[in-house]
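In case you want the letters, here they are:
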Amino acid sequence: MSRRAAALVVAGLVALSLNLRPAAVSIAPVLDDVRGSLGMGTATAGLLTTLPVLCFAGFGYIAPWCGRTFGVHRVMLASLLVTAGGLMLRAEAGSSAVLLAASIPALAGTATANVLIPSLVKRHFPSRIGAMTAAYTTALAIGLTAASVLTVPVADATGSWRGGLATWAVVALLAAIPWLALARKEVRPPPLAGASAIKTLALRRSPLAVAMTLFFGLQSLQAYAVFGWLPQIFRDAGFSATTAGLLLGVTTATSIPISLVLPGLTARGRHQPAIIAGLCASYVVGYLGLILDARASPWLWALSIGIGTGIFPLALTLIALRARTSEGTAALSGFAQSIGYLLAGVGPLMMGVLYGVTGGWTVPLVVLLVLVIPQGVSGLVVSRERFVEDELDASVARAP
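Just so it is clear, the model here is predicted, and its values are computed rather than measured. (Residues numbered from 1 in each chain as written. Predicted model: local features only at pLDDT ≥ 70, side-chain atom pairs only at ≥ 80, totals over all residues. Heavy atoms only, no water.)

## Brief notes about the overall build of the protein
Point 1. What the protein contains, in helices and strands, is 18 helices and zero strands.
Point 2. For the protein, whose C-alpha radius of gyration is 20 Å, the value lies close to the compact-globule estimate of 21 Å for 400 residues.
Point 3. Along the first, second and third principal axes, the C-alpha atoms of the protein reach 60 × 40 × 35 Å.
Point 4. Buried positions account for 58% of the 400 residues belonging to the protein.
Point 5. Partitioning the intrachain contacts of the protein with sequence separation of at least 6 by distance along the chain shows that 84% fall at a separation of at least 24.
Point 6. Surface accessibility of the protein: about 14700 Å² in total, with carbon and sulfur atoms responsible for 68%.
Point 7. Looking at charge distribution, the protein has the averaged site of its 26 positive side-chain charges lying 10 Å from that of its 13 negative ones. (Helix = DSSP H or I, 4+ residues; strand = E, 2+ residues; numbered from the N terminus. Rg over C-alpha atoms; globule rule 2.2 N^0.38 Å. Buried < 20%, exposed > 50% of the residue type's maximum accessible area, 1.4 Å probe, protein only. Contact = heavy atoms within 4.5 Å. Areas by Shrake-Rupley, 256 points an atom, 1.4 Å probe, with all protein chains shown as cover. Lys, Arg positive; Asp, Glu negative; His and termini not counted. Charge placed at Lys NZ, Arg CZ, Asp CG, Glu CD.)

Okay, structure coming up:
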C-alpha cells in the first residue's frame, strides 16, 4: 500500500472512530429534557439506555458477513451515512416511539463499523496493530468525551435538546468524506488456502473466544451502565445537570490518554495481567466512593471509573492479537462483540430496574462492584498468548 493510500485509510479510521459513540452516549446528558418533552416514562428511558448494546449485539453479529459480501470500505461508508440519517431523524422525533425507532439505524451503523475496524487494522497495518489501535481508540474516546460534554452546551445554545443531538449527525456526514474515496478501492477478506470464511458461530467451540466474549461483555456492561446512568447518579446526589455532564466528561476524557498508551503496551505483551488488575481495581475505588459518599470527592470517583473504562482499548487490542489473520480477527470481533454486547445490555437495564425498585443507587452500584471480579478473571485468561484459529477444527470452522 502506498504512503498516500495508507494516509487516507488512517484519516478514514480516525474520522469514523470519532463517530462510534455519540449515537450511544449523547442522549444521556439531555435525558431529563427528552423525557419531559416527549412524556417518556422510566421504563422507556431504561430501554433507550439499553438500546445501544442491543443494536451492537444484533448488527455486530452480521458485520463480518457484510464485510465479506459488500466489501469493508463500502460497509464503513454506508455505516456513517445510515448513522447520520438516524441521528437526524432522532433529533426531529415528536414522540418516544419515533425517537426509539430512529435510534436503531443510528446505532446500527456504528455497531457494524465497530466490529469491522479491528480486522481492517489487521489487514492494512499487520505490523502496527498497537499504534493503529491506539489511534482509533483515542479518536473513539475523544468522540465519546465530546458527545458527553458538548451535547448540553450545544442544546443550551440552540434552545433545545434537539439541536444538541442533531450536531452529531453533521459530524457523521463529514466523517464519510474520506470513505467516499476509499469505497472505490474495495477490500474483502480473502479466504485462506482456498477455504471459505470462518463461521462466526463456530467460535463457540473455542475456549479463547468464549473467554474473550465474557471479558468484552463484562467490560462493556460496566461502561454502558456508567455512560447511561452516571450523570443521573450525580444529579441525584445534588449536582446540577451541567456539573453532572462535566463529571461524565471527566470519566470519558480519562480514557483518551489511556487509549494512546495502552494498546502499544498490550501489543508488546508487557505486563498484561498487571494492567488488567490495576484497571479493575480502579473501578472498585470509584464505585466504593459513589456508594459511601458521592459528594465527598466526585471528581476522584469520576476519574477512577474513567481509568477503569480503559479496559476497552485493551480488549480491542487483544482481539486483534488473538487471531492470526484479518479473517480470524473479523470472526473473533464479531463473535465477542455481538454476544458480549448482549451481556452488556443487562447493565443499563439492570441499573434502571434496581434504581426503580430500591429508590437509590447503592444496590445497583454494589452489583457493578461484584461484577468486576469475573471481568478481571476472564481478562487474565485472554491475556495468555494463543490464537483462535488454532482452537478450531477445520471441518467445523469453515463454511461449506
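## Here's the deal with the environment of phenylalanine 125
Point 1. By secondary structure assignment, the location of phenylalanine 125 is in the loop between α6 (96–124) and α7 (129–158).
Point 2. Each C-alpha atom, one on phenylalanine 125 and one on alanine 6, is 8.8 Å from the other, the two residues being 119 residues apart in sequence.

## Considerations on helix α13 (residues 298–308)
Point 1. Those residues of α13 lying buried are Pro298, Trp301, Ala302, Ser304, Ile305, Gly306 and Gly308.
Point 2. Those residues of α13 that are buried are in contact with α10 (207–236), α11 (241–267), α12 (272–293) and α14 (311–321).

## So, the nonpolar core
Point 1. Of all hydrophobic cores here, the largest spans 120 residues; its most connected members are Leu13, Met76, Trp179, Tyr287, Leu290 and Tyr341.
Point 2. With 16 residues, α10 is the single largest residue contributor to this core.
Point 3. Beyond its immediate chain neighbours, meaning those up to four positions away, tryptophan 179 contacts Gly12, Leu13, Leu16, His73, Met76, Leu77, Leu80 and Leu120. (Core = buried A, V, L, I, M, F, W, Y, C linked by side-chain atoms within 4.5 Å.)

## A short note on the state of the cysteines
Point 1. All chains considered together, the criterion is met by zero disulfides.
Point 2. In this structure cysteine 55 is a free cysteine whose sulfur lies 14 Å from that of cysteine 66, the closest cysteine sulfur available.
Point 3. By relative accessible area, which is 5% here, cysteine 55 ends up buried. (Disulfide = S-S within 2.5 Å.)

## Considering the packing of aromatic side chains
Point 1. For the structure shown, the criterion picks out 11 aromatic pairs.
Point 2. Centroid distance phenylalanine 56 to tyrosine 224: 6.2 Å. Interplanar angle 75 degrees. Geometry classified as edge-to-face. Taken together, the residues span a long stretch of sequence, with phenylalanine 56 in helix α4 (residues 42–70) and tyrosine 224 in helix α10 at a distance of 168 residues.
Point 3. Aromatic pair tyrosine 283 and tyrosine 287: ring centres 5.4 Å apart, planes at 15 degrees, arrangement stacked. Residue tyrosine 283 and its partner tyrosine 287 are both found in helix α12; the two are separated by four residues, about one turn of the helix.
Point 4. Put simply, the rings of Phe56, Phe216, Tyr224, Phe227, Phe312 and Tyr341 touch in pairs and so form one group of aromatic residues.
Point 5. Cation over ring: arginine 295 sits above phenylalanine 239, and NZ or CZ is 4.6 Å from the ring centre. (Phe/Tyr/Trp six-rings, centres within 6.5 Å; stacked < 30°, edge-to-face > 60°. Lys NZ or Arg CZ within 6 Å of the ring centre and 35° of its normal.)

## Some words on the environment of tyrosine 136
Point 1. Residue position: tyrosine 136 is located in helix α7.
Point 2. The exposure class of tyrosine 136 is buried, given its relative accessible area of 3%.
Point 3. Spatially, the C-alpha atom of tyrosine 136 lies 8.6 Å from that of alanine 15, the residues being 121 residues apart in sequence.

## Some thoughts on the confidence of the model for the protein
Predicted coordinates in areas of low pLDDT are best not read in detail.
Point 1. Per-residue confidence for the protein gives a mean pLDDT of 86; residues scoring 70 or more make up 94%.
Point 2. Between residues 189–196, whose pLDDT stays under 50, and residues either more than four places distant or in other chains, the model counts 15 contacts.
Point 3. Contacts for the low-pLDDT stretch residues 394–400, under 50 throughout, to residues beyond four places or in other chains number 20 contacts. (pLDDT = per-residue confidence, 0-100.)

## Observations regarding the side chain of serine 220
Point 1. Locating serine 220 in the fold gives a position in helix α10.
Point 2. Given the relative accessible area of 2%, serine 220 is considered buried.
Point 3. Residues within four places of serine 220 in sequence aside, it is in contact with Tyr341 and Ala344.

## A word on the environment of isoleucine 373
Point 1. In this fold, isoleucine 373 is placed in helix α17 (residues 362–382).
Point 2. Residue isoleucine 373 is classed as exposed on the basis of its relative accessible area, which comes to 57%.
Point 3. Expressed as a C-alpha distance, the spacing of isoleucine 373 and valine 284, which sit 89 residues apart in the sequence, is 9.8 Å.

## Remarks on helix α8 (residues 161–175)
Point 1. Across its 15 residues, α8 extends 23 Å between first and last C-alpha, which sits within 8% of the 21 Å expected from 1.5 Å per residue.
Point 2. Buried within α8 we find Trp161, Gly163, Gly164, Leu165, Ala166, Trp168, Ala169, Ala172 and Ala175. (Expected span 1.5 Å × (residues − 1).)

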